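So you can see what is in the structure, the chains are spelled out below.
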Amino acid sequence: MSDYTTLVNQISACTKCGLSKGRTKSVPGDGSTSADVMFIGEGPGFYEDQQGIPFVGRAGNLLNEMLASIGLRREDVYITNMVKCRPPNNRDPFPVEISSCAPYMDAQIEMIQPKVIVALGRYSFSKFFPGETIGKARGRPREWRGLVVYPMYHPAAALRSGKLHDSLRQDFSKLPDLIREVSHRRETGAQPKRETVRQMSMF
Ligand code: URA
């Protein structure tokens, strides 16, 4: 059994926090485990809980549409959430739920080693940069422990606001160039340098 399958089985059987009591299915993640890009949302909603697959409701349709706008399909990327079980009535996840689930998130990042982590929304963003606001940070790739984190608004927020929708589309449009840049850096063995970080922040 692969390490990834073992992890998925652990998540499916997890009872580390109260969210496990109300779930229909846990929602470990979806897509390619060798993807260049990993998207991290907040937590499963109604349809995700029913199907055990992240981002299959309205926010998921928008995510699919944004991916298609840059020539990517869901199978080309990896998609997961900060918490793997649905919070009741889609409330925000509690800090204790996020911290219980964090080892799974960390293991997924470790296994997939994505070139770019797209942090969708404030909960995902604050895993990497606690205390900062997504509104200020969005659209600028940042370095985090040798990986590149690219913060964007959450698709559900973009569904509620035309302005955020435009920002999300704009941020997505820059993703292909960012992936190319990070790939090039990895191939040439160049370590992330201050200079590169500064260049990246020009996106
Ligand atoms: N919102 C999320 O953050 N994740 C999902 O899987 C669906 C909606």
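Criteria and thresholds
The numbers attached to residues start from 1 for each chain and follow its sequence in the written order. Under the rules for a predicted model, residues below a pLDDT of 70 receive no local features and side-chain atom pairs below 80 are neither given nor counted, while totals for whole chains, interfaces and linings still include all residues. To get the side-chain values, take all heavy atoms of the structure and skip hydrogens and water. Put simply, DSSP marks the helices as runs of H or I at least four residues long and the strands as runs of E at least two long, and each gets a number from the N terminus on. Atoms counted for the radius of gyration: C-alpha only. Globule rule: 2.2 Å times residue count to the power 0.38. When accessible area is computed with a 1.4 Å probe and restricted to protein chains, residues below 20% of their type maximum are described as buried, those above 50% as exposed, and intermediate ones as partly exposed. In what follows, a contact means two residues having at least one pair of non-hydrogen atoms within 4.5 Å. The Shrake-Rupley method, run with a 1.4 Å probe sphere, supplies the accessible areas, and residue values consider only the shown protein chains as cover. Here, a salt bridge means any side-chain nitrogen of Lys or Arg that lies within 4 Å of a carboxyl oxygen of Asp or Glu. The pairing criterion for strands is at least two bridges between them, as found by DSSP. For helices, the fitted line uses only the C-alpha atoms of the stretch in contact; every axis is such a line through C-alpha atoms, and the angle between N-to-C directions lies from 0 to 180 degrees. Stacked, tilted and edge-to-face are the three classes assigned to paired rings of Phe, Tyr and Trp, where Trp is represented by its six-membered ring and a pair needs centres within 6.5 Å; plane angles under 30 degrees give stacked, over 60 edge-to-face, the rest tilted. Think of it as a cone above the ring: NZ of Lys or CZ of Arg counts as a charge over the ring if it is within 6 Å of the ring centre and within 35 degrees of the ring normal. Neighbouring residues are identified by heavy atoms, a residue being near a molecule or strand if any of them is within 4 Å of it. Counted as a polar contact is a pair of N or O atoms within 3.5 Å, where, for protein atoms, one must be capable of donating a hydrogen and the other of accepting one, and residues adjacent in sequence contribute only when both atoms are in side chains. Amino acids are sorted into nonpolar (Ala, Val, Leu, Ile, Met, Phe, Trp, Tyr, Cys and Pro), charged (Asp, Glu, Lys and Arg) and polar (every other residue, Gly among them). In a helix, the anticipated span is given by 1.5 Å times the number of residues less one. The reported arc concerns the directions from the helix axis to the C-beta atoms and nothing else.

When you go through the protein residue by residue, the secondary structure sums to eleven helices and six strands. Against the compact-globule benchmark of 17 Å for 203 residues, the protein has a radius of gyration of 16 Å, which places it among compact chains. With the C-alpha coordinates of the protein rotated into their principal frame, the extents come out at 45 × 40 × 35 Å. Counting the 203 residues in the protein, one finds 49% classified as buried. Of the contacts made within the protein by residues no fewer than 6 positions apart, 70% connect residues no fewer than 24 positions apart. Summing over all exposed atoms, the protein offers an accessible surface of approximately 10,000 Å²; the carbon and sulfur share of this is 50%.

On to the pattern of salt bridges, then. With the rule as written, the count across this model stands at eleven salt bridges. Across the pair Arg74 and Asp30 runs a salt bridge, and its minimum N-O distance is 3.0 Å. With Arg74 in the loop between α4 (58-69) and β3 (78-81) and Asp30 in strand β1 (residues 30-31), this residue pair connects regions lying 44 residues apart in the sequence. With relative accessibility at 24%, the residue Asp30 sits in the partly exposed group. We note a salt bridge from Asp106 to Lys127, for which the minimum N-O separation is 2.6 Å. Separated by 21 residues along the polypeptide, Asp106 in helix α5 (residues 95-112) and Lys127 in helix α6 (residues 121-128) bring together distant segments of the chain. In this structure Asp106 comes out as partly exposed when scored by relative accessible area, which is 34%. For Lys127, a relative accessible area of 21% puts it in the partly exposed group.

Let's shift gears to the sheet that holds strand β2 (residues 37-41). The six strands are arranged β1-β3-β2-β4-β6-β5 in an open sheet whose pairing can be described as mixed. Only two strands of the sheet have a single partner each, and these edge strands are β1 and β5 (142-144). Judged from the four bridges that link them, β2 and strand β4 (residues 116-120) form a sheet pairing that is parallel. Looking across to β4, one finds that Val37 is bridged to Val116. Contacts between helix α9 (residues 162-173) and the sheet are confined to β2 and β6 (147-152), with β6 contributing the most and set at about 155 degrees to the helix.

Here the structure, examined in full by the defined rule, presents five aromatic pairs. Measuring from ring centre to ring centre gives 5.7 Å for Phe125 and Phe129, while their planes differ by 40 degrees; the resulting arrangement is tilted. For Phe129, a relative accessible area of 11% translates into the label buried. Where Phe128 meets Trp144, the ring centres are 4.7 Å apart and the plane angle is 85 degrees; that geometry is what we call edge-to-face. On the criterion of sequence distance, the pair formed by Phe128 in helix α6 and Trp144 in strand β5 is long-range, its members being 16 residues apart. Residue Phe128 is classed as buried on the basis of its relative accessible area, which comes to 4%. For the cation-ring pair, Arg142 lies above Phe129, with the distance from its terminal atom to the ring centre recorded as 3.9 Å.

Taken together, the neighbourhood of the ligand is formed by Gly41, Glu42, Gly43, Glu48, Pro54, Phe55, Asn81 and His154. In the environment of the ligand, an oxygen atom lies 2.7 Å from a nitrogen or oxygen atom belonging to the backbone of Glu42. Between the ligand and the protein, one listed contact pairs an oxygen atom with a backbone N or O atom of Phe55 at 2.9 Å. For the ligand, whose free accessible area comes to 240 Å², the fraction covered by protein is 91%. For the shell around the ligand, the residue count by class is two nonpolar, four polar and two charged.

What follows concerns helix α10 (residues 175-187). Taking 1.5 Å of rise per residue, the 13 residues of α10 would be expected to cover 18 Å, and the 18 Å separating its terminal C-alpha atoms lies within 8% of that figure. When we look at burial in α10, the residues that qualify are Leu175, Leu178, Ile179, Val182, Ser183 and Arg185. Buried residues along α10 cover an arc of 160 degrees about the axis, so they all sit on one side. Counted as exposed and oriented over 90 degrees from the buried face of α10: Arg180 and Glu187. Looking one or two places after α10, you find Gly189, whose phi comes out positive at around 75 degrees.

By themselves, these observations are geometric and do not establish any function.
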